[in-house]
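Breakdown of the fold
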Amino acid sequence: MSLVEGGFATPLVDTGISSQYVPNTKRHPVLWNSLQGPDAAFHDQGGEVFMQQESKLALKAKLRGILPPVTMPFDEKGRLIASGIRKQIDFMIDSGVHGIVAGGSTGEGHTLSTEEFVESMEATHAAIAGRVPFVVGLIVNSTIEAIERTKKIAHLKPDALQVTPVHYLFKPGPEATIKHFREIYQETGIPILIYNVIPWNYLSAELMLRIMEEVPGVVGMKQSSGDLKSLSDLLGAAKSDNIVLTGIDALLYPGFALGAHGAISALTSALPKQTVKLYDAVKSGNHEEALKLHWKLNGIWNVVRHDNLPACTKYIQSRQGVDFFLPRAPMEPVSNEIKNVIDGALKAFAI
């Protein structure tokens, strides 16, 4: 295997270490006993959970490339149709993606009840069936809710959590933010990717680097909101075992060219095969082909409604054989006018 580090060429010896998590032994002795042994990737010191650096490097090699977010299948009454997830997962994996994320923004994770969250994570996990890594998204407004939700899906043993800073009106300070991520990890033992997307609680590159330094279980982050400068700063200052992913749809190509280790974004969900080709082109040094793909992808990005992105993503998926589902109210279905514009842009990929 190879480790993507500032570029795409650094070799990495396969450690063979499992990505299983080991929760705090004092809080979860039963789970600890069940996971002890040569495959345990994490170890406990003084009642706290730590990650071995080689485990972080193995996880970095695993969580790279195109990791599309699952769109949640809702019917016209807003009910979750969990059985609709499987066909989408097969579509993504058949397109060559490197992992799957469920519960993020494109997946309308902020609209899911706890019961729906558990149901959709279980359906996603079952559909993946171990074929690619599985990341669970958390969009919640308190530390305790993040912990409680994670414990309800702990039996699925996700490879990582993708966690937003709290997203309501109020904003905790840096120390409270660090404590938020530390407590989630200490209580669950599952590695964390920071999902930096909340406009009024937008974390600086300096703060994210500090979190990754002070909270060993925070293994990386996804930089969104069109901020290529912060992505560049993170890549320039990150340690060798940090994971830096891009969520900047309009600038996936320059993000990969800078050395981003992969992407989680709406376009990777809408057009997984094409974004895999883009990633592979940059990885192989074929920038001429990558630039061609960039312009085609950007043409599609420029015509979708960004304030109704989940609905547009579902429509683009449906044009490629995935069953068509609706966004959850109050978000509206894609209008015929927008469908026609999207259809025109998709012709660049013969869709």
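Residues numbered from 1 in each chain as written. Predicted model: local features only at pLDDT ≥ 70, side-chain atom pairs only at ≥ 80, totals over all residues. Heavy atoms only, no water.

1. Details of the packing of helix α11 (residues 272-283) against helix α12 (residues 287-301)
One way to put it is that α11 packs onto α12 with a least axis distance of 8 Å and a crossing angle of 150°. It follows from the interaxial angle that α11 and α12 lie roughly antiparallel. The element α11 and its partner α12 pack so that their crossing is left-handed. Seen from α11, the contacting residues are Gln274, Thr275, Lys277, Leu278, Ala281 and Val282; seen from α12, they are His287, Glu289, Ala290, Leu293, His294 and Leu297. (Axes fitted to C-alpha atoms, helices over the stretch in contact; angles between N-to-C directions. Helix = DSSP H or I, 4+ residues; strand = E, 2+ residues; numbered from the N terminus. Parallel < 35°, antiparallel > 145°, perpendicular 65-115°, else oblique. Left-handed = near helix turned anticlockwise from the far one by under 90°. Contact = heavy atoms within 4.5 Å.)

2. Examining a nonpolar patch on the surface
The grouping of Tyr168, Leu169 and Phe170 at the surface amounts to a nonpolar patch, some 410 Å² of accessible area in total. Tracing the backbone shows Phe170 in the loop between β8 (160-163) and α6 (174-188). (Patch = residues over 30% accessible without salt bridge, like charges linked within 9 Å, V, L, I, M, F, W, Y side chains within 5 Å. Areas by Shrake-Rupley, 256 points an atom, 1.4 Å probe, with all protein chains shown as cover. Salt bridge = Lys/Arg side-chain N within 4 Å of Asp/Glu carboxyl O.)

3. Overview of the packing of aromatic side chains
Any pair of aromatic rings gets described here by the distance separating the centres and the angle formed by the planes. Per the counting criterion, the structure on display carries 2 aromatic pairs. With a centroid separation of 5.3 Å and 85° between ring planes, the pair formed by Phe256 and Tyr279 is classed as edge-to-face. Pair noted here: Phe256 is in helix α9 (residues 252-258) and Tyr279 is in helix α11, with a separation of 23 residues, a long-range link. Phe256 gets classed as buried once you look at its relative accessible area, which sits at 1%. A centroid spacing of 6.3 Å and a plane angle of 85° characterise the contact between Tyr315 and Phe324, whose relative ring orientation is edge-to-face. Taking the relative accessible area as the measure of exposure, Tyr315 reaches 9% and is therefore buried. A residue is classified by how much of its surface remains accessible, and Phe324, at 39% relative accessible area, is partly exposed. (Phe/Tyr/Trp six-rings, centres within 6.5 Å; stacked < 30°, edge-to-face > 60°. Buried < 20%, exposed > 50% of the residue type's maximum accessible area, 1.4 Å probe, protein only.)

4. So, the confidence of the model for the protein chain
Interpretation of this model should avoid reading the predicted coordinates in detail wherever pLDDT is low. Averaged over all residues, the pLDDT of the protein chain is 87; the fraction at 70 or higher stands at 85%. Note that residues 1-47 has pLDDT below 50 and, in this model, 103 contacts with residues that lie over four places away or in other chains. (pLDDT = per-residue confidence, 0-100.)

5. Looking at helix α14 (residues 336-346)
Listed in full, the buried residues belonging to α14 are Ile338, Lys339, Ile342, Ala345 and Leu346. Each buried residue of α14 sits inside an arc of 125° when the element is viewed along its axis, so together they form one side. Opposite the buried face of α14, at more than 90 degrees from it, the exposed residues are Asn336, Glu337 and Asn340. In this fold, the buried residues of α14 make contact with α12 and α13 (309-318). (Arc of directions from axis to C-beta.)

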